[in-house]
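A look at the structure
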Amino acid sequence: MSTRYDAIIIGGGHNGLVCAAYLAKAGRKVLVLERRPVLGGAAVTEELHPGFKYTVCSYVVSLMRPWIVRELELARCGLQLIPLECSFTPHLEGPGLCRWPDPQRTREEIAGLSVADAEQYPRFGQAMGRLARFVKDVIDQPAPDPASLWPSDLGQLARHARAFQQLSSADALNQIKLATMSAADLLDEWFESDALKAPMSCSGIIGTFLGVRSPGTAAVLLHHYMGEIDGASRAWGIARGGNGAVSEAIATAARGFGATIRTQAAVARILVRGGEAAGVVLDSGDEIEAKVVVSAAEPRLTFLRLLGREHLDDDFVARIKRYRCRGSSGKVNLALDRLPSFTCRPGDGLHIRGDIAVAPSIDYLEEAYDEAKYGAFSRRPYLNVVIPSLLDPTLAPPGKHVMSIFVQYAPYALEAGPSAWPSQREAFGDAVVQTLAEYCPGLEASILHRQVLTPWDLEQQFGLTEGNIFHGELTADQLLFQRPLAGWARYRSPVPGLWMCASGTHPGGGVMGAPGGLAAKAILSAAVV
Amino acid sequence: MSDTVIVIGAGHNGLVAAALLARRGLRVRVIESRAVAGGLCAGEAFHPGYRHIGVHHDASTLRPWVARALQLSTHGLSLRPPPPILVAGPGEHEGWVLPSLRGSSDPTEALGSGPEPSLGEHQAGIHALEALLTSVSPVLQGFLDNPAPSLDLSTPSWPVIQRALALRGLGARQMLELMRIAALPVDDALAEYIPAPRLRAALALPALIGAYMGPWSPHSAGLWLLQGAQTASDVAGGPAELSRILEKVATHHGAEILFEHEVERIRIEDGRVEGVVLRGGDEIDATVVVSSLEPRRTLLDLISPLDLPVQLEDEIRCHRVRATSAKLHLALSGLPRWSSAEGVFERIRVAGDPASLERAFDAAKHRRLPAAPALDVRVPTVSEPGLAPPGHHVASVHVLGVPYEPAGGWSPEVRRRLSDAALDQLEEVAPGIGASVVGIELLTPPDLEARFGISGGHLLHGEAALDQLWSLRPGPLLSRHETPIEGLFLASGGIHPGGGPSGASGALAARAIQEADQRRGRRP
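What counts and how
- Residues numbered from 1 in each chain as written.
- Chains lettered and ligands numbered in written order.
- Predicted model: local features only at pLDDT ≥ 70, side-chain atom pairs only at ≥ 80, totals over all residues.
- Heavy atoms only, no water.
- Pairing = 2+ DSSP bridges.
- Helix = DSSP H or I, 4+ residues; strand = E, 2+ residues; numbered from the N terminus.
- Axes fitted to C-alpha atoms, helices over the stretch in contact; angles between N-to-C directions.
- Contact = heavy atoms within 4.5 Å.
- Core = buried A, V, L, I, M, F, W, Y, C linked by side-chain atoms within 4.5 Å.
- Buried < 20%, exposed > 50% of the residue type's maximum accessible area, 1.4 Å probe, protein only.
- Buried area = accessible area lost by both parts, 1.4 Å probe.
- Salt bridge = Lys/Arg side-chain N within 4 Å of Asp/Glu carboxyl O.
- Domains from an automatic or database assignment.
- Polar contact = N/O pair within 3.5 Å; in protein donor to acceptor, adjacent residues only side chain to side chain.
- Arc of directions from axis to C-beta.

Our focus in this paragraph is the sheet that holds strand 7 (residues 97–99) of chain A. Residue and element names in this part refer to chain A. Taken in spatial order, the seven strands line up as 7-6-16-17-18-15-19 in an open sheet, and their pairing is mixed. Looking at which strands have only one partner, the edges of the open sheet turn out to be strand 7 and strand 19 (447–453). Sheet twist, expressed as the mean angle between neighbouring strand axes with direction ignored, is 20°. With three bridges connecting them, strand 6 (residues 87–89) and strand 7 associate as antiparallel partners. Bridge pairing in strand 7 links Ser-87 to Arg-99.

Residue and element names in this part refer to chain B. Across the sheet, five strands lie side by side as 9-2-1-13-19; this open sheet has parallel pairing. The open sheet has two edge strands, strand 9 (256–258) and strand 19 (488–490), and neither has a second partner. Pairs of neighbouring strands in the sheet enclose a mean axial angle of 20°, with direction left out of account. In the sheet, strand 1 (residues 4–8) pairs with strand 13 (residues 288–291) via four bridges, with the strands oriented parallel. Each bridged residue has a counterpart across the sheet, and for Val-5 the counterpart in strand 13 is Val-288. Here helix 1 (residues 12–23) sits on the sheet in contact with strand 1, strand 2 (27–31), strand 9 and strand 13, set at roughly 165° to strand 2. Where helix 15 (residues 504–519) meets the sheet, its contacts fall on strand 13 and strand 19, and the angle it forms with strand 19 comes to roughly 150°.

Moving on to the nonpolar core. Met-403, Ile-405 and Leu-436 of chain A are the most contacted members of the largest nonpolar core, which totals 61 residues. Going through the elements one at a time, strand 5 (81–84), strand 15 (329–336), strand 16 (355–358), helix 12 (362–373), strand 17 (382–386), strand 18 (401–408) and helix 13 (421–439) of chain A are the ones with two or more residues in this core. Looking at this core, the element that brings in the most residues is helix 13 of chain A, giving eight residues. Apart from residues no more than four positions distant in its own chain, Ile-405 of chain A is found in contact with Gly-330, Lys-331, Val-332, Asn-333, Leu-334, Leu-383, Asn-384, Val-385, Val-432 and Leu-436 of chain A. Counting residues in hydrophobic clusters, the runner-up holds 54 residues, among them Phe-481 of chain A together with Leu-203, Leu-225 and Leu-357 of chain B.

Counting residues at the interface gives 35 residues for chain A and 39 residues for chain B. Summing both partners gives a buried area of about 3,000 Å² for chain A against chain B, and 58% of it is carried by carbon and sulfur. On the chain A side of the interface with chain B, the three residues burying the most area are Pro-215, Arg-322 and Tyr-374 of chain A, jointly 19% of the side's total. At the surface where chain A touches chain B, the tally comes to 10 salt bridges.

A few words on the domain arrangement of chain A. All names here are of chain A. Domain annotation for chain A reports domain 1 (4–82 + 241–324 + 472–525), domain 2 (101–234) and domain 3 (326–465). Listed as interface residues are 19 residues of domain 1 and, on the opposing side, 20 residues of domain 2. Summing the contributions of domain 1 and of domain 2, the shared interface buries around 1,700 Å²; its carbon and sulfur component is 61%. Here domain 1 is connected to domain 2 by two salt bridges. Here Arg-490 ties to Asp-153 by a salt bridge, and the two come within 3.0 Å at their closest N and O atoms. Our enumeration of links across domain 1 and domain 2 arrives at seven residue pairs in polar contact (both at pLDDT 80 or more). Those elements that provide at least two residues to the side of domain 1 that touches domain 2 are helix 2 (66–71) and helix 15 (514–525).

Looking now at helix 14 (residues 445–452) of chain B. All names here are of chain B. Within the span of helix 14, buried status applies to Pro-445, Leu-448 and Phe-452. Viewed end-on, helix 14 has its buried residues packed into an arc of 60°, placing them on one side of the element. On its buried face, helix 14 sits against strand 14 (325–332) and strand 18 (437–443).

Before going further, it helps to examine the pairing of strand 3 (residues 45–49) of chain A. Residue and element names in this part refer to chain A. Sheet topology note: the strand 3/strand 4 (residues 52–55) ladder contains three bridges and is antiparallel. Bridge pairing in strand 4 places His-49 opposite Phe-52. Hairpin connection of strand 3 to strand 4: two residues between the antiparallel strands, including Gly-51 at a positive phi of 90°.

This paragraph deals with the pattern of salt bridges. All names here are of chain B. Enumeration according to the criterion identifies 73 salt bridges over all chains in this entry. Taking the shortest distance from any N to any O, the salt bridge between Glu-192 and Arg-180 comes out at 2.7 Å. A residue pair is termed long-range when its members are at least 10 positions apart, and Glu-192 in the loop between helix 6 (186–191) and helix 7 (197–208) and Arg-180 in helix 5 (residues 172–182) qualify at 12 residues. The class for Arg-180 is buried, based on a relative accessible area of 12%.

Structure representation (structure tokens):
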């Protein structure tokens, strides 16, 4: 018990590290405790097969807030982002669809499906871009609180209301529609080609246990238009060195500001004294004291396991138990002997240097969801494939490649219960590889190593409750002032001294760092440390 | 003739608008293509000797302020508490008797009779749901009973501020709770109160009629709350009796109803309504035309594309009208005997559990027939024995999980498979009912579309969804009943506030006409 810290951060994921960096930068004495041997949480790079580095869980970067990159000087700490410029959707028949970095080429490609859609496509992008600017303002600030009567909160609400008012009527209408409609219905209003709408609709369902026809999924479409890399919007990218490099860069920044980071230091519970958080107890039994404890773990894990319901009132416990975290996705990482070749567009080329979506039709995606609703993984899942080694050769030996496959749907709650996952893991991996192999024959034979992560594995290995990649579903009932719960959306918790800083708080999941940054700012302005 | 107002369609909304306008002294002519008034609410013979009480079989959605405005009670409207609902299960101890959860009741309603609710251990949960509905209903009714505000954002809108203040008036906690629950899937919201899955499915079912949603779709809880808030007292005699009374009131105030006349086209000159052209070529001049037809039909079929501003066309083409239910009318030689409860029931729900209700929606979504359709049943002969020969009965059934058209189309064989699937569901909870069927009428969505002129066969003139409500029903240009075409007003359920037999859209349209007249300084 030699040192007493100002703040202990539970969990060395990207949000925990961002929060630590900001607190350390402000001169506070900060300790980050990470259970696993590697930092990064769900943003990690691991060499699971000699010479092949997997970007294990999260695999793209787009929403990383530019103010965080700037203020923490992440570029100087080694962060390099490489844009993903193409979106390719292979088809079993015909040439498939590729959306290119060159708008004219994209237009010609879409015109092959529908001339009207080719005209609409840039207009849709412009409309979404305008709305994304409005929404960015919301995600870069703490959530507005409609129930508060504090002048500062009312002022913030009024500012958002004025910004909304300044949208044109058409944009305001689209904003309302985005917040309420399903991705498929919204795209139906703009486009006629199913082959175009299907891959566009996918960004509405990623990480959510909903289908493209479920109301509310249109909101997440905006994410595609909010990405910012080096100031250029509408771009997704990968980090050189995999997503673990994002975490490494933030950790380097945090250390540079004086934060201490310990790995293989699992927190058993949060220490409470006199009704206030006073530190943590490690699995080893060691106690470490701090003025504040900031949890970067998912909220249900934080309150029900690390804190304990005896420190909370019954109403809060009932509400946090209702917080919805249904996992819906899995991940398959492959080490490949050679580059895959798609039947509809054979060979290497720009088209496979972006993201590749197996999403041939809206009905295909909806059937995949329908199958999962009743407790089975989709036999024909939606896949989002990236081959990061094409953009970053350091990830695999020369001529060889790593492939990251995001898979939906894989429900946490299988019909036989989540613990049945280990016995279904390989069957799930087979379904994924077989689905993809239909589009690129010979894939199976080129696989040198395969890692299959089910929602159960994501929970066991990364502490993601029910395997939900966003620390809780991104649905309207748990966003903004309701994330994770109404009344507790400002990073505080009912126990004085205990704060939250990860994706289970506003503005939610994705590798954006905003919850960590906003939490640190809230802690500093509350002057508790 | 310039003072003539033409109302197209004599459904509940058309009749309400006609009655209110005629009462103001306007010359009102209602043009109805069928031989009876009431539209989807008309009671009709469907088998020799058997009548139903409307394709809609529940009139408890009638808005009390509409009934008061037209003094319907002095014209014979009799209100009563909605009859309890049997949640039917296959076994003796697998049923419950539910009270109707509703946002308000009319103090003048007659006392009810019939079976007492029996909820067993779910009593407390149902009471808590009732309490929730009671507390949020006044706010939701404020949305339903007032005109939808303009979405023109350049000036602060008093109605929007008013609704926001009403919401705030619930208190911080209840306001936040309403905002949370409204976004949930209805099954998740109900699960916070009711642990029994089958009871939840039965509670959820009516909110899904007219929604392109299953119980696991987000926002369906919002629709459930709205429906509860809209449900008040039951009208004795159901929609059929409501239609009869509205027809009487409209003619009492001087409106003239032209039956079996069909409007072919609305005449528009220079962006202004001039009258209508009837099928057969007759023309009627009018400065005001109120259409209570489903809005896609009004705008896309009755108006020449040359007269329709492109923004209106864009708006109405985005209005979604995908039906997910069919209607079945059964003539029965005896009273159904429900295996899960003793007694005589007028309202019965056969919903299975939430998963089977969701599977029914999956079927509609993927254009298949449902293996186990969910059923909302009414046996109107329980309170109105005159609808069938002595001792015989009528069952009116909403069949959920039905696509507009299954892949492969509606052959006689496919139609039979659907009615068989519904009858199998009934047989499971009322053994012997199949043998008592002496007549069947099945109305698939295309049948409903052909008979009643509703696009997509959609009973609510457009899907219920959060983005098709209020100022967005059907869109910002048309939701205020007055249209950018001068003299053309819309009074359908496809316009705010939507819903079933409520009369509200007709009444708000009549109000919009009066306000337009006042604005132009024409009439008091």
